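Analysis of the macromolecular model
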Amino acid sequence: MTQPLLTIRGVEKRFGAVQAIDGIDLDIQENEFFALLGASGSGKTTLLRMLAGFELPDGGQIILDGKDVSRVPPNHRPVNLMFQSYALFPHMSVAQNIAYGLEMEKLPKAQIKSRVDEILEVIQLAHLAARKPDQLSGGQRQRVALARALVKRPRLLLLDEPLGALDKKLRGEMQLELKRIQHEFGITFIIVTHDQEEALVMADRVAILQDGKLLQCGTPHEIYEQPQSRFAADFIGVMNFIPVREEGGKLRAADGSIIAAAASLEPGQAGVAAVRPERLRIGGAAGENSLIGTVTATAYHGLDLQVHLKSPASPDPVLMRLTADAAEARPLKAGDSVTIHWTARDTRAFPV
Amino acid sequence: MTDRKPLYLMTPALAWLTAFMVVPCLLILALGFFRRGIYGGIEYTFTLENIALVFDPLYAGIFLKSAMIAGLSALIAVVIGYAAAYAIAAAPQRRQATLLFFAVLPFWSNYLVRTYAWIVMLNREGLIAGIAHGLGWGGELPKMLYTESAVVIGLVYNYLPFVILACYAPLSRLNPEIAEASRDLGASGWTTFRRVILPATVPGIATGFVFVFVLSIGNFVTPALLGGGQFQMIGNLIYAQFLTANDWPFGAALSIFLIAIMMGLLTLQTFATERASGARREE
């Protein structure tokens, strides 16, 4: 692989008694759409602010294009940040907001104008160039904030919860729009989000942060299908956890049923077997990776039918998501008794 | 019925303002167009003499002088007050209320007492002179009390809390990410202040400036005490017309002009603030 655009090496940050970032190592490639995913307090925003230059790391290095930039002030980094609040200048028009960063580069007036016009076309707001930010809708403001950062053609564009303030429908549109723009400009994007769906949909690679540590980093598919920890498995999507104990190379649930997983636990170790609701199938004979349950509730979601099962194998209800076809083939109602099965390949095991 | 509620609630205030503000102002307005009696009374015949006299170079000069002193005071107060408000707004959240309390504290003491305190400070044998001599200054100190500078110092000192409060409001409301955005886009700290923070807080500056100007231009206590009668401001002139010269009609004519100047400025300032916040409300 070529030299990464950005290398984060052993970065640490402490706020008083709180270790906000606890030794993070990451490589981010040129042209990547990268997502930092985590709950609030996971340190994802702190890490982003260190990349932008608003926080200085207490340890470690941030290397951009082969140069350590950890101590370079924000106005001297080829990095731009799109703020969560958008932070548009209230007294400037849309065009003035976008031109501001180029004026700081002391570019000729004509060049500034042509680049502002060009980006206004990209975000489709040319007709609102003279408006002030408070005369724009939330979605329009979001696009101005993006344009203002993008117009500087940074090496790295950071986006702090860029879609957080938008309603659900608009968010879906903007996810695709952001991907399109990232592709068109060929700029590396790092997005911070707490919304796992957003991270999976948009990013080429996702890093999950918890308590200032990097938990797992990989493609959306790897993150979803091969979670490396119970936290990651729980944080991304929906997961069934069945308490098990390792016994002679097999995992045994509370009711004695045997579960085979892609990776097992240490001998005698207690843990959980994890399987996604959409991997569960109706039917099959009793045996490995099979359990009997009683339907307690069903919920119709259009795309799928969600079935809650009560099973002696698990203290928590087991959730199953059936496709419309599967649900129609075998109609289920509360009180029905069913056998379900799944494959060992779709099963993970984590110690507790 | 609920629609009427605001009106009921406003009635006492409206009645009060009408009785003690609007009516006296109308009386002053009328008075300005009557003739002065031979022995100081009022002769109820219409005349424009008083109004014309206001434009006499002597009196117009006093107006101009007052405006200059008020303008200078307002300018100094805005520079000092904005800096203080900026520092308070930048302080940790939990300390801001305390700092504001201290900034406004002088307000809770008597205006006269505060002004007399400056006499004690600026006096030839006063505190400042004492400190200067104590530090070994042997020569003659420049005259401080009973000068225009003393009046400006007094006015700035007295109205500074207004400016701090007026500037603090927009500064504390300013999203800190706006300043960061400016830095992020390549601006230095100074450029960020000049191009982003200052323009975004202009309404507060305008409010502070107009307040100090309006309160200063009509002030007569500070010029009387700290100016020592060396020169007159318009407030002193009006005071003299009513209480010593016994020329109420001319005093009224001067007052009309003073009120007109104040109202003009306040209207301008209200308009500017409305415009700044009006756009925001369109959301």
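Higher on the page you've got the structure.
Everything in this summary refers to the structure shown in the same document. From a predicted model like this one, the values you see are computed outputs, not experimental measurements. (Residues numbered from 1 in each chain as written. Chains lettered and ligands numbered in written order. Predicted model: local features only at pLDDT ≥ 70, side-chain atom pairs only at ≥ 80, totals over all residues.)

Remarks on the overall build of chain B
Check the secondary structure of chain B and you find 13 helices and two strands. Taken along the three principal axes of its C-alpha coordinates, chain B extends 75 × 75 × 35 Å. Split into buried and exposed, the 283 residues of chain B put 30% on the buried side. Sequence-distant contacts in chain B: of pairs separated by 6 or more residues, those separated by 24 or more amount to 72%. (Helix = DSSP H or I, 4+ residues; strand = E, 2+ residues; numbered from the N terminus. Buried ≥ 20, exposed ≤ 12 C-beta atoms within 10 Å, placed from the backbone. Contact = placed C-beta atoms within 7 Å.)

A few points about the packing of helix α5 (residues 111-122) of chain B against helix α7 (residues 148-173) of chain B
Residues and elements named next belong to chain B. Two elements in contact, α5 and α7, have axes separated by 11 Å at closest approach and are oriented at 140°. Relative to α7, the element α5 is oriented oblique. The handedness of the crossing between α5 and α7 comes out as right-handed. Note on element contacts: α7 touches α5 through Ala 150, Ile 153, Gly 154, Tyr 157 and Asn 158, opposite Tyr 111, Arg 114, Thr 115, Trp 118 and Leu 122. Broken down by class, the residue content of the contact of α5 with α7 amounts to six nonpolar, three polar and one charged. (Axes fitted to C-alpha atoms, helices over the stretch in contact; angles between N-to-C directions. Parallel < 35°, antiparallel > 145°, perpendicular 65-115°, else oblique. Left-handed = near helix turned anticlockwise from the far one by under 90°. Nonpolar A, V, L, I, M, F, W, Y, C, P; charged D, E, K, R; others polar.)

A closer look at the sheet that holds strand β12 (residues 250-253) of chain A
All names here are of chain A. Taken together, five strands build an open sheet; the order of strands is β13-β12-β11-β14-β20 and the sheet is antiparallel. This sheet does not close on itself; its edge strands, each paired only once, are β13 (258-259) and β20 (347-351). Of the pairings in the sheet, the one linking strand β11 (residues 240-247) to β12 comprises four bridges and is antiparallel in character. From the neighbouring strand, Val 244 faces β12, where its bridge partner is Ala 253. (Pairing = 2+ DSSP bridges.)

Quick look at the packing of helix α2 (residues 94-104) of chain A against helix α3 (residues 109-122) of chain A
Residues and elements named next belong to chain A. The interhelical angle for the contact between α2 and α3, taken along N-to-C directions, is 130°, at an axis separation of 10 Å. Regarding the angle of α2 to α3, the classification is oblique. Pair α2 / α3 crosses with right-handed handedness. Listed contacts from α3 to Ala 95, Ile 98, Ala 99, Leu 102 and Glu 103 of α2 are Ile 112, Arg 115, Val 116 and Ile 119. Its residues assigned to classes, the contact of α2 with α3 shows seven nonpolar, no polar and two charged.

Overview of the interface of chain A and chain B
Contact residues are listed per partner, giving 21 residues for chain A and 18 residues for chain B. Listing elements by their share of the side of chain A that touches chain B, those giving two or more residues are β6 (79-82) and α2 of chain A. The element that contributes the greatest number of residues to the side of chain A that touches chain B is α2 of chain A, accounting for three residues. Of the residues assigned to the side of chain A that touches chain B, the class counts are 10 nonpolar, six polar and five charged.

Quick notes on the sheet that holds strand β19 (residues 337-341) of chain A
All names here are of chain A. Read across the open sheet, the five strands follow the order β15-β19-β16-β17-β18; overall the sheet is antiparallel. The open sheet has two edge strands with one neighbour each: β15 (281-282) and β18 (314-323). With seven bridges connecting them, strand β17 (residues 304-311) and β18 associate as antiparallel partners. Within β18, the position partnered with Val 307 by the bridge is Met 320.

Brief notes about the nonpolar core
Ranked by internal contacts, the top residues of the largest apolar core, which has 102 residues, are Leu 51, Leu 158, Ile 190 and Ala 273 of chain A. For Ile 190 of chain A, the contacting residues outside a window of four places in its chain are Ile 28, Phe 34, Leu 36, Leu 48, Leu 51, Leu 156 and Leu 158 of chain A. (Core = buried A, V, L, I, M, F, W, Y, C linked by C-beta atoms within 7 Å.)

Here's the deal with unusual backbone geometry
Most peptide bonds take the trans form, and the phi angle of most residues other than glycine is negative. In this structure, Asp 211 of chain A takes a positive phi of about 45° despite not being glycine. If you trace the backbone, Asp 211 of chain A turns up in the loop between β9 (205-210) and β10 (213-218). Non-glycine residue Asn 246 of chain B carries a positive phi angle of around 60°. Considering the arrangement of structural elements, one finds Asn 246 of chain B in the loop between α12 (234-243) and α13 (248-281). What makes Asn 246 of chain B partly exposed here is the crowd of 15 C-beta atoms within 10 Å.

Some remarks on the pairing of strand β16 (residues 290-300) of chain A
Residue and element names in this part refer to chain A. Alignment of β16 against β19, held across five bridges, turns out to be antiparallel. When the bridges of β19 are listed, Ser 290 appears paired with His 341. The sheet contact formed by β16 and β17 spans six bridges and is antiparallel. Opposite Tyr 300, over in β17, you have Leu 305 as the bridge partner.

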